[in-house]
Amino acid sequence: MTLTAPETPAGPRQARPEPAAPPRRPGPARRTWQKVSPYAYVAPFFTLFAAFGLFPLIYTAFVSLYRVELQTPGDMEWRGLGNYTALFGDAYFWTSLRNTFTIGVLSTVPQLVMALGLAHLLNYRMRGRTFLRTAVLLPYATSVAAATLVFAQLFGRDFGLINYALGLVGVDPVDWQNGTVASQIAVSTVVVWRWTGYNALIYLAGMQSIPDELYEAAAMDGASRWRQFFHVTLPGLRPTILFTVIVSTIGATQLFGEPLLLEGSISGGISHQYQTLGLYMYEQGWGFFHLGRAAAIAWVMFLLIVVLVGLNALVARRRSRKEAGR
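Residues numbered from 1 in each chain as written. Predicted model: local features only at pLDDT ≥ 70, side-chain atom pairs only at ≥ 80, totals over all residues. Heavy atoms only, no water.

Asker: When you look at a positive patch on the surface in this model, what are you seeing that I'm missing?
Answerer: On the surface, a cluster of positive charge is contributed by Arg317, Arg318, Arg321 and Lys322. Among the structural elements, Lys322 can be located in helix α14 (residues 291–324). (Patch = residues over 30% accessible without salt bridge, like charges linked within 9 Å, V, L, I, M, F, W, Y side chains within 5 Å. Areas by Shrake-Rupley, 256 points an atom, 1.4 Å probe, with all protein chains shown as cover. Salt bridge = Lys/Arg side-chain N within 4 Å of Asp/Glu carboxyl O. Lys, Arg positive; Asp, Glu negative; His and termini not counted. Charge placed at Lys NZ, Arg CZ, Asp CG, Glu CD. Helix = DSSP H or I, 4+ residues; strand = E, 2+ residues; numbered from the N terminus.)

Okay, structure coming up:
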């Protein structure tokens, strides 16, 4: 008797996979859209920029070469560089330029230093820090007109709260609106109050992007909090500090609302003691109706901003190269 192994049933035959079809090439219309679509997405921005930024800039340069009066804007008389030569020969122009620089320094330096210290405090873990971070932004959200009118009352000569507080310590009342240095300090105080919280939040965002490992390594090496601030925080905030310096420089050059509303005079005081370039431009264009000269002032301000921003960027780049070469 012969034993045979039972036959195992054969499994189902697997079908061979069909070769994948080659991908379909997009048609001419689709290929054209893929090339054009990035430009179509950014076109609205550049269209608005050309309409409301580039065209006014070019047209202002065109108007600055003519004698144009506000009453008769259609009557244009060619002057070439006459508006610029008359501008540089005006003593009030140099006064407003000097005031712009002085007020810019008095407002920018304390503002950024206070914002840096405030951001350093807000970066610690403490109760109610979310509320405090929101509260420091409230001055920035306040209207410039409302803030300046309140500070004008505070800096009043006869009944101002500031002079009252100074009188308590034996200091004579200060004429904040007519004194040269005093009026510039008053204007700078408004700017510092409005923009310190805004810059503090920018610094706070920069501090939170610094890795915690750097602080832990510094603490293990025995570095105190002050050394950590100077050797870890400040180097990490260098790009942020450069940004705030550039933005504050632009804002100081264009300062207009605060000096205008402090006393309500476009001349910036009796002796133009706190008249900025923005006020001087407004006085020439809408006070004396010289639109051509006002356009020349606007272009001088634009070129001044370009030079100042370029100098800030150049100094920062040289310092970065010097530190990288160490």
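Asker: Can you walk me through the pattern of salt bridges in this structure?
Answerer: Any two side chains of opposite charge can pair if their charged atoms end up close together. On inspection of all chains with the given rule, the structure shows four salt bridges. Notably, a salt bridge pairs Arg157 with Asp158, separated by 3.4 Å at the nearest N-O pair. On the basis of relative accessible area, Asp158 is assigned to the exposed category, the value being 56%. The closest approach of N and O atoms between Arg194 and Glu258, which form a salt bridge, is 3.6 Å. Here Arg194 is found in helix α8 (residues 180–208), whereas its partner Glu258 is found in helix α12 (residues 257–263), with 64 residues between them in sequence. As far as the burial class goes, Arg194 and Glu258 line up, both buried. One connected set of salt bridges, linked through shared partners, spans Arg157, Asp158 and Asp175. (Buried < 20%, exposed > 50% of the residue type's maximum accessible area, 1.4 Å probe, protein only.)

Asker: Before we go on, may I ask you to explain the packing of aromatic side chains in this structure?
Answerer: In this description, an aromatic ring pair is defined by two values, namely the gap between the centres and the angle between the planes. The full count for this structure, using the stated rule, is 21 aromatic pairs. Judged by centre distance (5.9 Å) and plane angle (20°), the ring pair of Phe55 and Tyr59 falls under stacked. Linking Phe55 with Tyr59, this pair stays in helix α1 (residues 28–63), spanning four residues, or about one helical turn. Overall, Tyr59 belongs to the partly exposed group, its relative accessible area being 43%. Ring geometry for Phe151 against Phe155: centres 6.3 Å apart, planes inclined by 25°, an arrangement best described as stacked. Given a relative accessible area of 11%, Phe151 falls into the buried group. Take Phe155: its relative accessible area is 6%, and that puts it in the buried class. (Phe/Tyr/Trp six-rings, centres within 6.5 Å; stacked < 30°, edge-to-face > 60°.)

Asker: Would you take a moment to explain unusual backbone geometry for this structure?
Answerer: Glycine aside, a negative phi is what most residues show, and trans is what most peptide bonds show. One non-glycine residue with positive phi stands out, namely His272, at about 55°. Within the secondary structure, His272 is located in the loop between α12 and α13 (277–287). The class for His272 is buried, based on a relative accessible area of 8%. Backbone geometry places Phe289, a non-glycine residue, at a positive phi of 70°. For Phe289, the location among the structural elements is in the loop between α13 and α14. Among the residues examined, Phe289 registers a relative accessible area of 31% and is labelled partly exposed.

Asker: Before we go on, may I ask you to explain the packing of helix α9 (residues 212–220) against helix α10 (residues 225–236) in this structure?
Answerer: The geometry of a pair of packed helices is captured by two quantities: the angle between their axes and the separation between those axes. At a minimum axis separation of 10 Å, α9 and α10 run at an interaxial angle of 145°. Crossing of α9 against α10: the hand is right-handed. Facing Leu214, Tyr215, Ala218 and Ala219 of α9, the residues of α10 in contact are Gln228, Val232 and Thr233. Within the contact of α9 with α10, the residues separate by chemical class into five nonpolar, two polar and no charged. (Axes fitted to C-alpha atoms, helices over the stretch in contact; angles between N-to-C directions. Left-handed = near helix turned anticlockwise from the far one by under 90°. Contact = heavy atoms within 4.5 Å. Nonpolar A, V, L, I, M, F, W, Y, C, P; charged D, E, K, R; others polar.)

Asker: Which parts of the structure should I look at to understand the side chain of Thr249?
Answerer: With respect to the secondary-structure elements, Thr249 resides in helix α11 (residues 238–253). Given the relative accessible area of 16%, Thr249 is considered buried. Polar side-chain contacts of Thr249 include one of 2.6 Å to the backbone oxygen of Val245. Sequence-distant contacts of Thr249, defined by excluding residues within four places in its chain, comprise Leu308 and Asn312. (Polar contact = N/O pair within 3.5 Å; in protein donor to acceptor, adjacent residues only side chain to side chain.)

Asker: Sorry, what's going on with the packing of helix α3 (residues 91–122) against α11 here?
Answerer: For the pair α3 and α11, interaxial distance at closest approach is 9 Å and the crossing angle is 145°. The chirality of how α3 crosses α11 is right-handed. Note on element contacts: α11 touches α3 through Thr244, Val245, Ser248, Ala252 and Thr253, opposite Thr100, Gly104, Thr108, Gln111 and Leu112.

Asker: Any chance you could explain the environment of Gly104 here in plain terms?
Answerer: Tracing the backbone through its elements, the reader meets Gly104 in helix α3. The class for Gly104 is buried, based on a relative accessible area of 9%. Along the sequence, Gly104 and Val181 sit 77 residues apart, while their C-alpha atoms lie 13 Å from each other.

Asker: In this structure, what is going on with the nonpolar core? I would like to understand it.
Answerer: For soluble globular proteins, the rule of thumb is that nonpolar side chains tend to be buried together. Ile103, Phe155, Val187, Leu255, Leu262 and Tyr274 are the most contacted members of the largest nonpolar core, which totals 13 residues. Elements supplying a minimum of two residues to this core: α6 (144–154) and α8. Ranked by the residues each element gives to this core, the list is headed by α8, at five residues. Leu255 has contacts with Ile103, Val187, Val191, Thr276, Gly278 and Leu279, leaving out every residue within four places of it along the chain. If you look at the next biggest cluster of nonpolar residues, it comprises 12 residues, including Leu122, Val136, Phe229 and Leu237. (Core = buried A, V, L, I, M, F, W, Y, C linked by side-chain atoms within 4.5 Å.)

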